[in-house]
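Observations on chain architecture
Listed below, chain by chain, are the residues.
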Amino acid sequence: MKGPCKFFSLGFFVFLALGFGTDEVSSYKILMVFPSFSPSHLIVASGLLKGLAKKGHEVTMVSSYPQSKPVKNYRDVVLPLDKFDKDAIMADMVKNAGQQFQMITKMPEMMKMSYDIANETMSNPEFRKIMEEESFDLVILGIFANQFLAGLGYHFKCPVTVMSQVQAVYMTSELVGNPVSLASTSTVFLGYSGRMTFMQRVKNIFAGVLEMLMTQLLLRPYDRMYYESNFPPDKYPSFDESLRNVSLVLVNHHFSQGNLRPYVPAMVEIGGIHIEDETDPLPKDIQEFLDSATDGAVFFSFGSNLKSSILPQHKLNAIIKTFGRLKEKVLFKWENDDLPNKPDNMMIGKWLPQRDILAHKNIKLFVSHGGMGSIAEAKYRGVPLIGVPFFGDQMGNVAVVAEEGWVYQLNFDDLTEETFSEALKEVLTNPKYGDIARTRAQLYKDRPQSALETANYWIEYVIRHKGAPHMQSHAVHLNFWQNNSIDVIAFLFAILLIFIKISILITKFVFRYLKNRLFPKHKKQKQL
């Protein structure tokens, strides 16, 4: 082949490669509003946005914690939370660590704070400017007691997606009409796994009904109040209509973590979305410390919200003394510059890159508070864990994975030198914990698509199909009484009562009739 023919042929193949050989991908503008005082929650949420930005979409994150390094196509809008004393709240939580009932009594206070944070976001001048001047193809909401933000979908005239940091709960399930199967699936807060016993089902029904009532009677009034103050009724649809505009709920969970649930198409699991096989390089001092741990290393962190420095002194002393007796090295998350009585085998750090640390070959054990993100990262890396839960969903999270066999559960109230030493010895010397952790890691990672690919697909799907109304369950259009068939049950009960009443009247009539026919009364003769 020579001359013009050769040139034409080469150009033809280049045309095919550039034109027909690639799929056209539209670039969308996506806004995520994530009002939260928890940096760890933002790690999961930003994992989603980074993936979307990598695909070429223009993403905007409205939160209180910016990325440490700039990301292409990713814009941070940072709104500080100066009015909220997180340390005081956490210190109060530590006093009641692991006590689920007392945590329930604290829920109104926690919910009120979440609403106030979201309301502060809405009233921030920088965010109001975004609302006035910009447009978006999709709004993603980080939901925790702030569902009134769903009005942003109508403001920007676009679909709404919700990202939940925990397993499916009633608050998020009702947004897309997802069924709540209390007979077979434990509530997040109880944390039962597998088949529940009769008494467990009794407790689960009670907890589930309590969760529904709290949502309807406690949260809804706040939601309506904040919604109407931010989205005036004369300009926006009702609060109930705004909730029906939610097209998709992304759940930070995976079925291999237990607590299997039925899902409608609009509820999608994306557990582990922020974790990648490829890790970032560790800081030089941490890398050298872990590389030198020839007997292995233990990683200790109670997450981004609960500082180790606010632990009661006697508990902290027990932890430090026990760690000091180990042959393994200990990497300890500590928020102050110095740690009194720090043992020689310990290194402290104010902020430690947890996902990358857990990937180091010498990490033999992770001591954690049992947050969903921490459990997911430990499971993904196949690292055994000692779970010391404090509040919220942590008790249920730890209880479920403890039953799987790769996690040792230790209640904070029971933590002493003796109990902590026993826990460390059990997990570090018993090979079953590591074996089960690695098996569970294989289950967790064995998926047709990664969590990020799954999330990207469904988000683009919702945008492509203008909110994907064909995916919406009819349950979304039913109120609480209708969706739980309470109106039908009441109707049938009323019919039954009427039937019983009529049956009783008929029975009485027939009885009297037969009695009068079979046993007629003899008239008394008149006395002369």
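Right above here is the structure, for reference.
Let us look at the structure shown here. Owing to the predicted nature of the structure, the values given are computational and were not obtained by experimental measurement. For every chain, the first residue of the written sequence is number 1, and numbering continues from 1 along that sequence. The model is predicted, so local features are restricted to residues of pLDDT at least 70 and side-chain atom pairs to those at 80 or more, both for listing and for counting; the totals for chains, interfaces and linings are taken over all residues. Excluding hydrogens and water, the side-chain values take into account all heavy atoms of the structure.

Some points on the overall build of the chain
- The secondary structure listing takes helices from DSSP runs of H or I that are at least 4 residues long and strands from runs of E that are at least 2 residues long, numbered from the N terminus. Across its full length, the chain carries 19 helices and 13 strands.
- Here the chain, with 528 residues, has 49% of them falling under the buried criterion.
- Counting contacts in the chain only where the partners sit at least 6 residues apart, residues at least 24 apart contribute 67% of the total. Residue exposure (1.4 Å probe, protein chains only): buried if accessible area is under 20% of the type maximum, exposed if over 50%, otherwise partly exposed. When checking whether two residues touch, look at their non-hydrogen atoms; a contact exists if any pair is within 4.5 Å.

A short note on the packing of aromatic side chains
- In summary, the pairing rule links any two rings of Phe, Tyr or Trp, Trp by its six-membered ring, whose centres are within 6.5 Å, and it sorts them by plane angle into stacked for under 30 degrees, edge-to-face for over 60 and tilted for everything else. Using the criterion set out here, one finds 23 aromatic pairs in the structure.
- On the basis of an interplanar angle of 25 degrees and a centroid distance of 6.4 Å, the ring pair of Tyr222 and Tyr226 is categorised as stacked. Of this pair, Tyr222 and Tyr226 both sit in helix 8 (residues 198–230), 4 residues apart, roughly one helical turn.
- With relative accessibility at 7%, the residue Tyr226 sits in the buried group.

Examining the side chain of Asn230
- Along the chain, Asn230 turns up in helix 8.
- By relative accessible area, which is 11% here, Asn230 ends up buried.
- Under the rule applied, a polar contact is a pair of N or O atoms within 3.5 Å (in protein, one hydrogen donor and one hydrogen acceptor; residues adjacent in sequence only if both atoms are side-chain atoms). Here Asn119 takes part through its side chain, which lies 3.0 Å from a polar atom of the side chain of Asn230.
- At 2.8 Å, the side chain of Asn230 and the backbone oxygen of Tyr226 are in polar contact.
- Residues within four places of Asn230 in sequence aside, it is in contact with Asn119, Met122, Arg128 and Phe148.

Overview of empty space enclosed by the protein
- Put simply, the grid is 1 Å and covers the protein atoms alone, a cavity is a trapped set of points that fit a 1.4 Å probe, a pocket is an open set with protein on both sides within 12 Å along at least five of seven lines, and lining residues have an atom within 4 Å of a point. Grid points are joined across faces, edges and corners, and a volume is the space filled by probe spheres set on the points. Tallied over the full model, the rule gives 3 cavities of 30 Å³ or more.
- There is about 180 Å³ of room inside the largest cavity.
- What lines the largest cavity is a set of 18 residues, and nearest its centre among them are Ala168, Val180, Ser181, Leu182 and Arg261.
- Secondary-structure elements contributing two or more residues to the lining of the largest cavity are helix 7 (170–173) and helix 8.
- When grouped by side-chain class, the residues that make up the lining of the largest cavity number 9 nonpolar, 7 polar and 2 charged.
- Volume-wise, the second largest cavity comes out at about 60 Å³.
- Forming the boundary of the second largest cavity are Gln167, His253, Gln257, Met372, Ile375, Asn397, Val400 and Val401.
- Going through the elements one at a time, helix 13 (372–381) and helix 14 (394–404) are the ones with two or more residues in the lining of the second largest cavity.
- No other element matches helix 14, which puts 3 residues into the lining of the second largest cavity. Classes in brief: Ala, Val, Leu, Ile, Met, Phe, Trp, Tyr, Cys and Pro nonpolar; Asp, Glu, Lys and Arg charged; the others, Gly included, polar.

Things to note about the sheet that holds strand 12 (residues 385–387)
- A strand pair is defined by DSSP finding two or more bridges across the two strands. Taken together, 6 strands build an open sheet; the order of strands is 10-9-8-11-12-13 and the sheet is parallel. The outermost strands of the open sheet, each flanked by one partner alone, are strand 10 (346–349) and strand 13 (407–409). Sheet twist, expressed as the average angle between the axes of neighbouring strands with direction ignored, equals 15 degrees.
- In this structure, strand 12 lies alongside strand 13, joined through 3 bridges in parallel fashion. Of the residues in strand 13, the one forming a bridge with Leu385 is Val407.
- In this description, a line fitted to the C-alpha atoms serves as the axis of each element, helices being fitted only across the stretch in contact, and the angle between N-to-C directions of two axes falls anywhere from 0 to 180 degrees. Strands in contact with helix 11 (residues 313–324) are strand 8 (297–301), strand 9 (329–333), strand 10 and strand 11 (363–368); relative to strand 9, the strand with the most contacts, it is inclined by about 155 degrees.
- With respect to the sheet, helix 14 is in contact with strand 12 and strand 13, its orientation differing from that of strand 13 by roughly 125 degrees.

Looking at the nonpolar core
- The set of buried Ala, Val, Leu, Ile, Met, Phe, Trp, Tyr and Cys residues whose side-chain atoms join them within 4.5 Å is what this entry labels a nonpolar core. Grouped together as the largest cluster of nonpolar side chains are 74 residues, with contacts concentrated most on Leu48, Phe127, Ile140, Leu141, Leu152 and Ile459.
- With 7 residues, the single largest contributor to this core is helix 2 (residues 39–54).
- If we ignore the near neighbours within four places in the chain, the residues touching Ile140 are Ile30, Leu31, Met32, Val33, Leu48, Leu49, Leu52, Thr161, Met163 and Ile459.
- Counting residues in hydrophobic clusters, the runner-up holds 32 residues, among them Leu326, Leu339, Ala423 and Leu428.

As for the packing of helix 11 against helix 15 (residues 417–429)
- Following both chains from N to C, one finds helix 11 and helix 15 inclined at 45 degrees, their axes separated by 9 Å at the closest point. Viewed along their axes, helix 11 and helix 15 adopt a mutual orientation that is oblique. As helix 11 runs across helix 15, the sense of the crossing is right-handed. Residues Ala318, Ile319, Lys321, Thr322 and Phe323 of helix 11 lie in contact with helix 15, whose contacting residues are Glu417, Phe420, Ser421 and Leu424.
- Considering only residue class, the contact of helix 11 with helix 15 consists of 5 nonpolar, 2 polar and 2 charged. An angle below 35 degrees is treated as roughly parallel, one above 145 as roughly antiparallel, one from 65 to 115 as roughly perpendicular, and anything else as oblique. Two helices cross in a left-handed way if the nearer one is turned anticlockwise from the farther one by less than a right angle. They cross in a right-handed way if the turn is clockwise.

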